Amino acid sequence: LTKANNYTATVLFCGGSNIQPDQWDPDTWVIAEYNASASCVRLTPDASSSYVEDDPLPEGRSMGNLILLPNGKILMLNGAETGTAGYGTQAWTLNESYADNPVLMPVLYDPAAPQGKRWSRDGLSASTVPRMYHSSATLLPDGKPCLLPVRLLLRRTGAHPPPFSPPARLRLRLRLEPARGLHG
């Protein structure tokens with residue numbers, strides 16, 4: 001939402017999987033081997049009910065976390081290249097996870113960049129901790145992304161993942177101003 005686009009909301013959908021209902025049988029099929037999608041689509045509901053194809057992700061990714069940054073760019077972290085959200089006790093699961101091949105490398109989306117150049121890894125570095133199912137990310141008031149612990153990692157090992165420290169160019173200063181016209 002910006003003044004330049006007349007505060008029109010656009011939603012970006014990226015990654016995930018397209019496992020069909022008739023494929024979903026964890027007792028007969030190794031879901032964690034199913035490739036995640038790299039597709040991205042945009043939807044601007046006030047303008048149209050149709051999805052618009054956007055630049056694909058650099059790799060397929062399910063369970064990625066997207067953080068909208070104050071500069072309008074979107075940081076994508078975490079996720080898996082194969083499988084989907086979920087867990088169970090089938091013999092093929094990895095620590096009970098229905099996902100595998102963690103995506104350790106973050107990627108930055110710039111909606112103002114030309115088509116075909118919207119995703120970038122310039123200046124970013126890989127995480128050392130796989131974060132897939134039950135991982136979460138948010139933006140802290142100091143402008144740093146905060147990655148929250150992974151449930152299965154904590155339960156299995158008691159280990160706490162190290163905090164993610166983004167490069168200086170992603171450490172944005174937020175300026176909070178009181179709302180004008182509100183009293184009380």
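Heads up: the structure comes first, above all this text.
A. Geometry of the sheet that holds strand 1 (residues 11–14). In space, the three strands of this open sheet follow the order 1-2-3, with antiparallel pairing throughout. Bordering the open sheet on either side are strand 1 and strand 3 (52–53), each of which pairs with just one other strand. Pairing between strand 1 and strand 2 (residues 40–43): four bridges, direction antiparallel. Residue pairing for strand 2: Phe-13 is matched across the bridge by Val-41.

B. A look at the sheet that holds strand 4 (residues 65–68). The strand order across the open sheet formed by four strands is 4-5-8-9, and the pairing between neighbours is antiparallel. Each edge of the open sheet carries a strand with a single partner, namely strand 4 and strand 9 (119–120).

C. Inspection of the environment of Asp-54 at higher detail. Tracing the backbone shows Asp-54 in the loop between strand 3 and strand 4. A relative accessible area of 5% means that Asp-54 is categorised as buried. Separated by 13 residues in the primary sequence, Asp-54 and Val-41 place their C-alpha atoms 5.1 Å from one another. In this view, Asp-54 contacts Leu-12, Cys-40, Val-41, Arg-42, Tyr-109, Gln-115 and Arg-118; residues no more than four positions away in its chain are not counted. Polar side-chain contacts of Asp-54 include one of 2.7 Å to the side chain of Arg-42. Here the side chain of Asp-54 touches Arg-118 through a polar contact of 2.8 Å, side chain to side chain.

D. Highlighting the state of the cysteines. Summed over all chains, the structure comprises one disulfide. Across a sulfur-sulfur distance of 2.2 Å, Cys-14 and Cys-40 are joined as a disulfide pair. Because the torsion about its S-S bond is 125 degrees, the bridge between Cys-14 and Cys-40 counts as right-handed. In this pair, Cys-14 is assigned in strand 1 and Cys-40 in strand 2, connecting sequence segments 26 residues apart. Judged by its relative accessible area of 1%, Cys-40 falls in the buried class.

E. Region of interest: a nonpolar patch on the surface. Taken together, Val-11, Phe-13 and Tyr-51 make up a surface patch of nonpolar side chains, about 290 Å² in accessible area. The exposure class assigned to Tyr-51 is exposed, which follows from its relative accessible area of 53%.

F. Up close: the packing of aromatic side chains. Evaluation of the coordinates by the stated rule reveals two aromatic pairs. Centroid distance Phe-13 to Tyr-51: 5.8 Å. Interplanar angle 70 degrees. Geometry classified as edge-to-face. One end of the pair, Phe-13, is in strand 1; the other, Tyr-51, is in the loop between strand 2 and strand 3, and 38 residues separate them in sequence. Taking relative accessible area as the criterion, Phe-13 reaches 39% and is therefore assigned partly exposed.

G. The pattern of salt bridges, seen in detail. With the rule as written, the count across this model stands at four salt bridges. Of the charged contacts in the structure, one is a salt bridge between Arg-42 and Asp-54, with a shortest N-O distance of 2.7 Å. Here Arg-42 is found in strand 2, whereas its partner Asp-54 is found in the loop between strand 3 and strand 4, with 12 residues between them in sequence. Classification of Arg-42 by relative accessible area gives partly exposed; the value is 24%. In this structure, the salt-bridge partner of Arg-61 is Glu-59, at a minimum N-O distance of 2.9 Å.

About the criteria used
Residues numbered from 1 in each chain as written. Predicted model: local features only at pLDDT ≥ 70, side-chain atom pairs only at ≥ 80, totals over all residues. Heavy atoms only, no water. Pairing = 2+ DSSP bridges. Helix = DSSP H or I, 4+ residues; strand = E, 2+ residues; numbered from the N terminus. Buried < 20%, exposed > 50% of the residue type's maximum accessible area, 1.4 Å probe, protein only. Contact = heavy atoms within 4.5 Å. Polar contact = N/O pair within 3.5 Å; in protein donor to acceptor, adjacent residues only side chain to side chain. Disulfide = S-S within 2.5 Å. Patch = residues over 30% accessible without salt bridge, like charges linked within 9 Å, V, L, I, M, F, W, Y side chains within 5 Å. Areas by Shrake-Rupley, 256 points an atom, 1.4 Å probe, with all protein chains shown as cover. Salt bridge = Lys/Arg side-chain N within 4 Å of Asp/Glu carboxyl O. Phe/Tyr/Trp six-rings, centres within 6.5 Å; stacked < 30°, edge-to-face > 60°.

Everything listed here is a matter of geometry and, on its own, says nothing about what the molecule does.
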